[in-house]
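Structure assessment
Chain by chain, the residues:
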Amino acid sequence: MNITISKLGQYVGQEVTFGAWLFQKRSSGKIQFLQLRDGTGFVQGVVVKSEVSEETWNNGKELTQESSLYVTGIVREEERAPSGYELTVTGVEPIQITEEYPITPKEHGTEFLMDHRHLWLRSKRQHAIMKVRHEVIRAMHEFFHENEFVKVDAPILTSSAAEGTTDLFHTKYFDNDAYLSQTGQLYMEAAAMALGKVYSFGPTFRAEKSKTRRHLIEFWMIEPEMAFMDHEQNLEVQEQFVAHVVQSVIKNCPLELKTLGRDISKLENITAPFPRITYDEAIAFLQENGHEIEWGEDFGAPHETAIAEHYDKPVFITHYPAEIKAFYMKPDPNRPEVVLCADLIAPEGYGEIIGGSQRIDDPELMVERYKEHDLTDESYQWYMDLRKYGTVPHSGFGLGLERTVAWITGTEHVRESIPFPRLLNRLYP
Ligand code: 4AD
Ligand code: MG
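Residues numbered from 1 in each chain as written. Chains lettered and ligands numbered in written order. Predicted model: local features only at pLDDT ≥ 70, side-chain atom pairs only at ≥ 80, totals over all residues. Heavy atoms only, no water.

1. Focus: the overall build of the protein
Test applied: Only DSSP runs of H or I with at least four residues qualify as helices, and only runs of E with at least two residues qualify as strands; both kinds are numbered from the N terminus onward. Relative accessibility decides the category of a residue: with a 1.4 Å probe and only protein chains considered, values under 20% of the type maximum give buried, values over 50% give exposed, and everything between is partly exposed. Here, two residues are considered to be in contact whenever any of their heavy atoms come within 4.5 Å of each other.
Tallying secondary structure elements over the protein gives 13 helices and 18 strands in all. By principal-axis analysis of the C-alpha atoms, the protein measures approximately 85 × 55 × 40 Å. The buried share of the protein, taken over its 429 residues, is 51%. In the protein, once contacts between residues fewer than 6 apart in sequence are set aside, the share between residues at least 24 apart is 66%.

Shown next, in the form of structure tokens:
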């Protein structure tokens, strides 16, 4: 393997060469401080005029922001450096001297940065967010692997809607119609009947005309589905899962969280169990606090934020009215007007990060729901089969990756927690 900045600690006192970009430079007549990055990390290279060849000195002087180079130097321990190391440069071999890099150290507007997302990703902050995103994904797979879940891939082109028909992306499928997947859930239900505990992780699409800091048109969702699991057990898996992910980021991304200026004490607190309130309690609380909302209405972002403010952990809101939730959710046997579901609301105003429920397992009730929701078309017949042949109680949930990463990194808007965001007015780059 080649030498990378993240591994410099293994080479203290030795001369190394690696490829890098220059992201900033300071210099006086006698010394140059080269701020270098290679994707794995950041390090300062120090070029001392009296100690290097004239060629090395001049090559260093030529370097502009985002020039690419091979740098050679001796690795030194340096307490004051964030990574703990510094490089005493002995050689600079430019690959390309970059001219007029558009993103300068000065402030830029959001639209400008979004137009240059392909370059903006190189910045320290965006780099840190992408590293945390990667750690979140890694920790999610780890959790499911350790708990005997099998990863099953759901199709992206589908013949049916699962989360309502209003925000479906439509496309032609030869002579037929198809939709981009809003959720892999229905397929995970089929897979759970074959494999017990399963999960999918893939892109999902919602043609939502929402322009909020929580909405993407294309986002990534992780969707576990579990046979022989009820509503209560479903919540337990969710809180353990989310706690595992957050604790893994704290453990494995200390430098990134520091770069992001994240208040780690708020994250350290994220351990199971999480508080639970019912939809009824949430409505009563909102009404008492001056919000105009009636039983039967869905929560908007301000409602979620008002509720979340009372907790320093994510909070489950359970038992929503059946009317405002998806057709497949199981009614509470004691109170059929509400369903055995929960939304998990993140702290600090980041909103709903998980939607989940126990699913209807009774074939007769499912037939009824099909009729009520006008799902008579053939594309849903296979889903009925799951209730016809060995139906069992089962539950699952979907966690939105970008909202979770936005919360953990303390990033205001989900557009920064995905590499190339698809927004209402943005398909470029
Ligand atoms: O609550 P949702 O719509 O639930 C489902 O799709 C279920 N079928 C999941 C399941 O039970 N398998 O979406 C789940 C999560 C939300 O809580 C949110 O985190 C995220 O997906 N999400 C979005 N994230 C970004 N942009 C959007 N437009 C999102 N819509 C949902
Ligand atoms: Mg939801």
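2. Examining the sheet that holds strand β6 (residues 150-151)
The test is simple: Strands were regarded as paired on the criterion that DSSP finds at least two bridges between them. Interaxial angles span 0 to 180 degrees and are taken between N-to-C directions of axes, which are lines fitted to C-alpha atoms, for helices over the stretch in contact.
Read across the open sheet, the eight strands follow the order β6-β10-β11-β18-β17-β16-β13-β12; overall the sheet is mixed. What marks the edges here is a single partner per strand, and that holds for β6 and β12 (276-278). On top of the sheet, helix α6 (residues 231-252) reaches β11 (218-227), β12, β13 (315-318), β16 (341-346), β17 (351-358) and β18 (394-400); it is set at about 30° to β18, its chief contact.

3. Digging into the packing of helix α11 (residues 363-372) against helix α12 (residues 381-388)
Which entries qualify depends on this criterion: By definition in this entry, angles of less than 35 degrees are roughly parallel, angles greater than 145 are roughly antiparallel, angles of 65 to 115 are roughly perpendicular, and the rest are oblique. Whether a crossing is left-handed or right-handed is set by the direction in which the near helix is turned from the far one by less than a right angle, anticlockwise for left-handed and clockwise for right-handed. Ten residues, namely Ala, Val, Leu, Ile, Met, Phe, Trp, Tyr, Cys and Pro, are considered nonpolar, four, namely Asp, Glu, Lys and Arg, are considered charged, and the remaining ones, Gly among them, are considered polar.
Look at α11 against α12: their axes get within 9 Å of each other, and the N-to-C directions meet at 160°. With respect to α12, the element α11 is oriented roughly antiparallel. Seen along the crossing, α11 lies across α12 with a hand that is right-handed. Taken together, the residues of α12 that come into contact with α11 (itself represented by P363, M366, V367 and Y370) are Q381, Y383, M384 and R387. Each residue belonging to the contact of α11 with α12 can be placed in one class, and the counts come to six nonpolar, one polar and one charged.

4. Looking at the layout of surface pockets
Keep this limit in mind: Both cavities and pockets are sets of points on a 1 Å grid over the protein atoms alone; in a cavity a 1.4 Å probe fits but cannot get out, in a pocket the set is open with protein on both sides within 12 Å along at least five of seven lines, and lining residues sit with an atom within 4 Å of a point. Grid points are joined across faces, edges and corners, and a volume is the space filled by probe spheres set on the points. These domain limits were set by an automatic method or by a database of domain assignments.
Roughly 780 Å³ of volume is contained in the second largest pocket. Lining the second largest pocket are 32 residues; nearest its centre among them are T40, G41, F42, S83 and L255. Among the secondary structure elements, those contributing two or more residues to the lining of the second largest pocket are β3 (42-48), β5 (85-96), α4 (124-146) and α7 (254-259). At seven residues, the largest contribution of residues to the lining of the second largest pocket is made by α4. A class-by-class count of the residues in the lining of the second largest pocket yields twelve nonpolar, eleven polar and nine charged. Per-domain counts for the lining of the second largest pocket show at least three residues from each of domain 1 (5-96) and domain 2 (117-416).

5. Focus on a nonpolar patch on the surface
Rules: Patch membership requires more than 30% relative accessible area and the absence of a salt bridge. Residues of like charge join within 9 Å; the nonpolar side chains Val, Leu, Ile, Met, Phe, Trp and Tyr join within 5 Å. Exposure was quantified through the Shrake-Rupley algorithm and a 1.4 Å probe, taking into account, for residues, occlusion by the shown protein chains and nothing else. Any Lys or Arg side-chain nitrogen found within 4 Å of a carboxyl oxygen on Asp or Glu counts as a salt bridge.
Together, L157, Y173 and F174 make up an exposed nonpolar region whose accessible area comes to about 370 Å². We classify F174 as exposed; its relative accessible area is 73%.

6. What about empty space enclosed by the protein?
Under the defined criterion, the tally for this structure stands at two cavities of 30 Å³ or more. A volume near 60 Å³ is recorded for the largest cavity. In terms of lining residues, the largest cavity is bounded by T158, S160, A162, S181, Q182, T183, L186 and Y187. Considering only enclosed or pocket space, the second largest cavity measures out at about 40 Å³ in volume. Forming the walls of the second largest cavity are R213, R214, G349, Y350, R403, A406, T411, E412 and V414.

7. Describing the nonpolar core
Note the threshold: Note on terminology: a nonpolar core comprises buried Ala, Val, Leu, Ile, Met, Phe, Trp, Tyr and Cys residues joined through side-chain atoms within 4.5 Å.
Among the nonpolar cores identified, the biggest contains 56 residues, and V136, M140, F241, V242, W407 and I408 are the most heavily contacted of them. Per-element accounting of this core gives the leading share, ten residues, to α4. Here V136 is in contact with V245, V249, L401, V405 and I408, once residues within four sequence places are set aside. Residues A162, L286, I360 and M366 belong to the second largest nonpolar core, which totals 33 residues.

8. Quick word on the site of ligand 1
Cut-off, in case you're wondering: To be near a molecule or strand, a residue needs just one of its heavy atoms within 4 Å of it. Any pair of N or O atoms that falls within 3.5 Å is considered a polar contact. Within protein, one atom must be able to donate a hydrogen and the other to accept it, and sequence-neighbouring residues count only if both atoms are side-chain atoms.
Inspection of the region around ligand 1 gives 21 residues, with E163, Q185, E208, E223 and E352 positioned closest. For ligand 1, a nitrogen atom lies 2.7 Å from a polar atom in the side chain of Q185. At 3.0 Å from an oxygen atom of ligand 1 is found a main-chain nitrogen or oxygen belonging to I353. Summarising the interface, the protein chains cover 93% of the accessible area of ligand 1, which totals 630 Å² for the free molecule. Within the residue set of the shell around ligand 1, elements represented by two or more residues are β11, β17 and β18. Ranked by residues supplied to the shell around ligand 1, first place goes to β17 with four residues.

9. Things to note about the confidence of the model for the protein
Detailed reading of the predicted coordinates is not advisable wherever pLDDT is low. Rules: One number per residue, pLDDT, summarises how confident the predictor is, and it ranges from 0 to 100.
Of all residues in the protein, 100% have pLDDT values of 70 or greater, and the mean over the chain is 96. Per-element confidence in the protein ranges from a low mean pLDDT of 93 for α11 to a high of 99 for β18.

10. A closer look at the domain arrangement of the protein
Rules: Reported buried area values correspond to the accessible surface (1.4 Å probe) lost by two parts on association, with both partners' losses combined.
Looking at the protein, the domain boundaries give domain 1 (5-96) and domain 2 (117-416). Taken over C-alpha atoms, the centre of domain 1 sits 45 Å from the centre of domain 2. Contact residues are listed per partner, giving eight residues for domain 1 and five residues for domain 2. Buried surface at the junction of domain 1 and domain 2, both sides included, amounts to about 590 Å², of which 58% is carbon and sulfur. Seen at the junction of domain 1 and domain 2, the total is one salt bridge. Linking E66 and R122 is a salt bridge whose minimum nitrogen-to-oxygen distance equals 2.9 Å. Along the contact surface separating domain 1 from domain 2 lie two residue pairs in polar contact (both at pLDDT 80 or more).

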